[in-house]
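# Observations on the model geometry
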Number of protein chains: 2
Amino acid sequence: MKIQLQKVLPKEIEQRSFEIITRELGDISLDPANEAVIKRVIHTTADFDYVNTLCFSPNAVAKGIEALKQGACIVTDTQMARAGVNKATLSALGGEAFCFMSDPDVAAAAKEQGTTRATASMDKAAAISRPLIFAIGNAPTALVRLYELIKEGKLKPLLVIGVPVGFVNVVEAKELLMELDVPYIVARGRKGGSNVAAAICNALLYQAKERE
Amino acid sequence: MKIQLQKVLPKEIEQRSFEIITRELGDISLDPANEAVIKRVIHTTADFDYVNTLCFSPNAVAKGIEALKQGACIVTDTQMARAGVNKATLSALGGEAFCFMSDPDVAAAAKEQGTTRATASMDKAAAISRPLIFAIGNAPTALVRLYELIKEGKLKPLLVIGVPVGFVNVVEAKELLMELDVPYIVARGRKGGSNVAAAICNALLYQAKERE
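First, a word on scope: everything that follows refers to the structure included in this document. (Residues numbered from 1 in each chain as written. Chains lettered and ligands numbered in written order. Predicted model: local features only at pLDDT ≥ 70, side-chain atom pairs only at ≥ 80, totals over all residues. Heavy atoms only, no water.)

## Considering the overall build of chain A
In terms of regular secondary structure, chain A is built from 11 helices and six strands. Its C-alpha radius of gyration of 17 Å places chain A within 12% of the 17 Å reference for a compact globule of 212 residues. Principal axes of the C-alpha set define a box for chain A whose edges measure 60 × 40 × 30 Å. Across the 212 residues that make up chain A, the buried fraction comes to 58%. Residue pairs at least 24 apart in sequence account for 64% of intrachain contacts in chain A once pairs closer than 6 positions are excluded. If you sum the accessible surface of chain A, you get close to 9,300 Å²; carbon and sulfur atoms cover 49% of it. (Helix = DSSP H or I, 4+ residues; strand = E, 2+ residues; numbered from the N terminus. Rg over C-alpha atoms; globule rule 2.2 N^0.38 Å. Buried < 20%, exposed > 50% of the residue type's maximum accessible area, 1.4 Å probe, protein only. Contact = heavy atoms within 4.5 Å. Areas by Shrake-Rupley, 256 points an atom, 1.4 Å probe, with all protein chains shown as cover.)

## With respect to helix α11 (residues 194–210) of chain B
For an α-helix, 3.6 residues make a turn, and residues three or four places apart therefore share a direction. For α11(B), which comprises 17 residues, the first-to-last C-alpha distance of 24 Å matches the rise-based estimate of 24 Å (1.5 Å per residue) to within 8%. Along α11(B), 14 of the 17 residues are buried, which leaves the element largely enclosed by surrounding structure. (Expected span 1.5 Å × (residues − 1).)

## Looking at the pattern of salt bridges
Opposite charge on two side chains permits pairing when their charged atoms draw close. Residues and elements named next belong to chain B. Overall, the coordinates contain 26 salt bridges over all chains when judged by the stated rule. A salt bridge links lysine 154 to glutamate 152, with the nearest nitrogen and oxygen atoms 2.9 Å apart. With relative accessibility at 55%, the residue lysine 154 sits in the exposed group. Take glutamate 152: its relative accessible area is 45%, and that puts it in the partly exposed class. Taking the shortest distance from any N to any O, the salt bridge between glutamate 175 and arginine 188 comes out at 2.7 Å. Here arginine 188 lies in the loop between β6 (184–187) and α11 and glutamate 175 lies in helix α10 (residues 170–177), a separation of 13 residues in the sequence. Judged by relative accessible area, which is 22%, glutamate 175 ranks as partly exposed. (Salt bridge = Lys/Arg side-chain N within 4 Å of Asp/Glu carboxyl O.)

## Topic: the interface of chain A and chain B
The interface is formed by 45 residues belonging to chain A together with 45 residues belonging to chain B. With both sides pooled, the region where chain A packs onto chain B buries about 3,500 Å², and carbon together with sulfur makes up 70% of that total. For the chain A face of the interface with chain B, the top three residues by lost area are A:Ile3, A:Met80 and A:Phe167, together amounting to 21%. Our enumeration of links across chain A and chain B arrives at four salt bridges. (Buried area = accessible area lost by both parts, 1.4 Å probe.)

## Observations concerning the pairing of strand β6 (residues 184–187) of chain A
Residue and element names in this part refer to chain A. Residues Tyr184 and Val186 point to one face of β6 and Ile185 and Ala187 to the other, with burial holding for every one of them. Sheet topology places strand β5 (residues 159–162) next to β6; three bridges connect them, and they run parallel. Among the inter-strand pairings, valine 160 is bridged to a residue of β6, identified as tyrosine 184. Each parallel crossover has a hand, and the one from β5 via helix α10 (residues 170–177) to β6 is right-handed. (Pairing = 2+ DSSP bridges. Right-handed = clockwise from strand over helix to strand, strands pointing away.)

## Quick word on the sheet that holds β6(A)
All names here are of chain A. Read across the sheet, six strands follow the order β1-β6-β5-β4-β2-β3 without closing on themselves; strand pairing throughout is mixed. The sheet terminates laterally at β1 (54–56) and β3 (97–99), the two strands that pair on one side only. Taken over all neighbouring pairs, the strand axes of this sheet differ in orientation by 15 degrees on average, direction set aside. Packed onto the sheet, helix α8 (residues 117–126) meets β2 (73–76) and β4 (132–136) and runs at close to 170 degrees relative to β4. (Axes fitted to C-alpha atoms, helices over the stretch in contact; angles between N-to-C directions.)

## So, the pairing of β4(A)
Residue and element names in this part refer to chain A. Summarising burial for β4: five of the five residues are buried, a large majority. Residues Leu132, Phe134 and Ile136 line one face of β4 and the alternating positions Ile133 and Ala135 line the opposite face, and both faces are buried. Pairing of β2 with β4 involves four bridges; the strand directions are parallel. Bridge pairing links cysteine 73 to leucine 132 in β4. Bridge count for β4 against β5 is four bridges, and the pairing is parallel. The residue bridging isoleucine 133 from the neighbouring strand is leucine 159, located in β5. Assessed by its sense of winding, the connection that carries the chain from β4 through helix α9 (residues 140–151) to β5 is right-handed.

## Here's the deal with the relation of the copies chain A and chain B
Rotating chain A by 180 degrees about the axis while translating it 0.0 Å along that axis superimposes it on chain B, leaving an RMSD of 0.0 Å. Between the two chains, the operation in question is that of a two-fold axis. Proximity to the rotation axis, assessed at the C-alpha, singles out A:Met80 in chain A; its C-alpha lies 2.4 Å from the axis. Comparing contact sets, 100% of the residues at the interface of chain A also lie at the interface in chain B, consistent with an isologous, same-surface contact. (Least-squares fit on C-alpha atoms with pLDDT ≥ 70 in both.)

As C-alpha cells, then:
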C-alpha cells in the first residue's frame, strides 16, 4: 500500500490536530473551563483516557491562569518537564521555571534523610518566597512531600498539577493530594508524565497570555 | 476511605515498578531482546498498549547497544527528549546528546524553506560527522525528513527511534520509515512522545553500560 502524507503547512499542524481531537471527542461534553487543558493533554499523548482521568478542583484552571498572569513561578520534579514548559511565555508574564532535581545540595539532603531527590527538591522549593505552581509529572514521592508540606501549613501553592506516572504509590499520592484544600489538576490513576505536566502548564500559559 | 502509602525504600521503587509490570504482563511473552525496552516504555507511560505497538527491525536493540558502546551520539527533536536522556551514562560511553530545535540558524532555515524547525534540525544533524542515533518523540516532520535523507543516501543513522506522537502524518511517517533498510524502533500508531523517546534511549544506554 502506498503511504500518502497529508499536505499541511507547518503553522497549521497544531490547529489541524486540535480539529481532529475535537471531532473524535464527538458528543463527549467537556467543561468549557477545562477544555483547553484536556485537549492539550490529548494533543501531547494521543491518549483519550485523559478525558476521564483529569480531575480539577473548583476553578483550578482560572486560578492557575490568574497566578501566571501575576508572575507565578513553576516548579517541576524533572528536567524534562521543565524543558517542556514554554519558558518564553512564562518569562513574558514575569515567571520562572525551576527544577532542583540535579542540585548537589538536594542529592546530599536526600542521602542524609534516606529519602528521594524528588522529596528533597520539594523541601528546597518550599523555601522560595515567590508565588508558586507545582507541576509534578514523575515522582509520587514529590507529590507526597507536597501533601505533607501543605497539610502542615508550611507551603501554600497557588496550584498543584499532580500528574506523576507509575506503579508504586502513584494512585495513592494523587488521591491524598485531592483531599487537601488546595487548587489542583490531577490525572487520576497511574498515567501521567513529564510531558503531561508540561502540556498542562502550557495550556494555562497560552490562556494567560491571551487574556493579558 | 483511608489512603495507605506502601513503604518502599527510594532505591527499591524502580525495581518494584518493574516487578509489577512483569506481573501484569502475565502470560504475554516478549522477545527477550526487546524486553528491557518495552518494559521501560511501560514504566515511563503506565501504558501497556506499547506491548502491541512497539516494532523492532531485526537486531535493532543489539545494534543500538553496540552503537552506544562505540560512542554514538543521540540527536533528539525536542529539548524535552534531550533532557530525559541519561547524559551521564551517554557521556561515560563517549557519546553526546544533541537537539538543534532552539538554534537560530535552524529557525532561519525553516522560515526560508517554509518547513518546520524539526525538519531543518534534521538537516543540521545530518551534517554531523559522528555515528548517530536519532530519537524522534514529537515531530512527524522530523521523521519524514529522516526518511528522505536516508532514502537519498545522505544519511546513514545507526538506529532511528521513531516515536512521534499526534494526529497529523504521525501514523504515516512511522510506516514510511519502516519501509527503509535502516535499524529502527518504532511505536506504530498515534502514540509516542518525548518521554517515550528518552525511555528507549535510556533502556539502550543502561544495557550498553552493563555490557561494557
